[in-house]
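# Overview (structure and organization)
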Amino acid sequence: MDTLLERFLRYVTFHTRSDATNPACPSSEGQLIFARALQDEMQQMGLTRVTLDEHGYLTGCLPGNQPDAPAIGLIAHMDTADYEAEQVVPQLIEHYQGGDICLGKGDEVLAIRDYRFLKNYLGQDLITTDGTTLLGADDKAGIAEILSAIAHLQAHPEIPRGDVWVGFTPDEEIGRGADRFPLDRFPARWAYTVDGGELGELEYENFNAASANLRFVGNNVHPGTAKGSMINSQTLAARFHAAMPAEQTPECTDGYEGFFHLAQMSGTVEESTLHYIIRDFDDEHFAARKAEMQSRVAAMQAEYPKARIELTLTDSYRNMRSQIEPHMHIVELARAAMEAADVEPKIKPIRGGTDGARLSFMGLPCPNLFTGGHNFHGKHEFIPLQSMEKAVATLVELVRLTSAWRA
Ligand SMILES: [Zn+2]
């Protein structure tokens with residue numbers, strides 16, 4: 001039987017970068033190749049009802065040994081972020097002694113100056129990249145941890161458990177992971193994504209999210225004869241953005257603060273576009289931000305009647321908190337499981353979204369648990385093996401504690 005480390009080091013060698021430009025599901029062939037390998041592994045482990053559908057959603061079940069215990073789900077995603085992910089060559093730093101870590105043969109360094117939390121991992125075994133790719137601990141650590149917890153439960157039938165459903169999904173990083181989630185063959189009462197960051201993270205709140213696309217249509221005239229007739233749409237777009245609250249941006253906010261973020265701009269004299277994302281935890285504040293965008297557009301349109309300014313607001317995802325709070329035992333069990341595994345819970349809001357948020361609104365309440373990793377989505381990604389072991393222990397405790405829970 002593979003160890004946790006062997007599993008993880010094997011998984012990261014699969015190239016599973018998702019591709020937002022491909023509308024197919026999964027969006028890249030590598031995800032399906034990885035899913036088939038995981039399917040084989042789950043079948044060899046003896047999981048039941050192992051199913052891989054044509055869209056790359058892989059599910060299976062570890063049958064329980066307590067007939068009245070609730071069935072729960074553990075979910076992780078197979079794709080990696082939009083960053084170089086071919087030929088990942090993980091480096092194992094055993095018994096980290098402190099100081100900067102040189103990554104592979106290149107000149108990339110994990111510097112203490114940038115990542116002060118490295119000192120928390122003295123004496124531990126760190127898995128890093130070679131400085132040329134991401135690592136893919138997001139979220140292959142989650143997959144390795146879930147299957148290692150399942151293997152532990154199989155080896156310890158004396159641990160009471162209900163049915164444990166396992167779900168591995170494609171295309172989380174491009175926001176589609178919940179789109180085709182097969183709830184019909186995943187009869188868990190509730191679930192957890194294992195897709196969080198550092199040791200102890202437990203999350204059941206995330207942003208409400210929308211995008212705002214603005215189109216400014218001006219009037220292009222030869223600049224030599226433009227007096228009184230040219231309307232430069234770029235000037236309008238620049239003025240619009242300059243008037244936005246400068247302190248309500250990602251670079252100026254944290255914790256529970258929301259923001260407007262200008263993610264992309266482009267333009268010519270004739271036509272310019274601004275693409276914003278809007279984020280807020282609070283439902284009312286979120287609605288107010290969208291209304292503010294509308295009133296700013298209306299005010300500018302009134303000021304420049306010869307231009308045309310169009311706003312398209314599109315909701316993306318919602319804060320799962322409202323779906324979790326009626327079932328707070330889901331969070332309390334996770335907190336108790338961490339404590340039983342000697343992990344200090346760090347409950348904090350996710351300044352982003354998760355598949356779990358969307359699954360929660362689809363009827364499967366689904367908070368997010370830590371994997372143990374740091375610096376996701378880039379070449380400085382790393383994960384301490386000891387944090388991964390704690391994640392496995394937490395999942396085992398979670399299954400054990402849940403087996404005694406009754407509605
Ligand atoms: Zn992830």
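These remarks concern the structure in this document. (Residues numbered from 1 in each chain as written. Predicted model: local features only at pLDDT ≥ 70, side-chain atom pairs only at ≥ 80, totals over all residues. Heavy atoms only, no water.)

This brings us to the environment of Asp179. One can find Asp179 in the loop between strand 8 (164-169) and strand 9 (190-196). With 228 residues separating them along the chain, Asp179 and Ala407 place their C-alpha atoms 29 Å apart. Residues in contact with Asp179, not counting those within four places in the same chain, are Tyr57 and Arg358. (Helix = DSSP H or I, 4+ residues; strand = E, 2+ residues; numbered from the N terminus. Contact = heavy atoms within 4.5 Å.)

It is worth spelling out the nonpolar core at this point. Formed by 63 residues in total, the largest nonpolar core has its most connected members in Phe8, Leu38, Ile143, Ile146, Phe168, Tyr192 and Leu398. Sequence-distant contacts of Leu38, defined by excluding residues within four places in its chain, comprise Tyr11, Leu58, Met78, Ile143, Leu147 and Phe168. Listed in part, the 20 residues of the second largest apolar core include Phe216, Ile231, Leu262 and Phe286. (Core = buried A, V, L, I, M, F, W, Y, C linked by side-chain atoms within 4.5 Å. Buried < 20%, exposed > 50% of the residue type's maximum accessible area, 1.4 Å probe, protein only.)

Orientation of helix 4 (residues 233-243) relative to helix 5 (residues 283-303), taken along the N-to-C sense of each, is 135°, at an axis distance of 11 Å. The angle between the axes of helix 4 and helix 5 places the two elements in the oblique class. For the crossing formed where helix 4 meets helix 5, the hand is right-handed. Note on element contacts: helix 5 touches helix 4 through Met293, Arg296, Val297 and Met300, opposite Leu236, Arg239, Phe240 and Ala243. (Axes fitted to C-alpha atoms, helices over the stretch in contact; angles between N-to-C directions. Parallel < 35°, antiparallel > 145°, perpendicular 65-115°, else oblique. Left-handed = near helix turned anticlockwise from the far one by under 90°.)

This part takes up the state of the cysteines. Taken as a whole and judged by the stated rule, the model has 0 disulfides. Cys61 forms no disulfide, and the closest cysteine sulfur to it belongs to Cys366, at a distance of 16 Å. Given the relative accessible area of 4%, Cys61 is considered buried. (Disulfide = S-S within 2.5 Å.)

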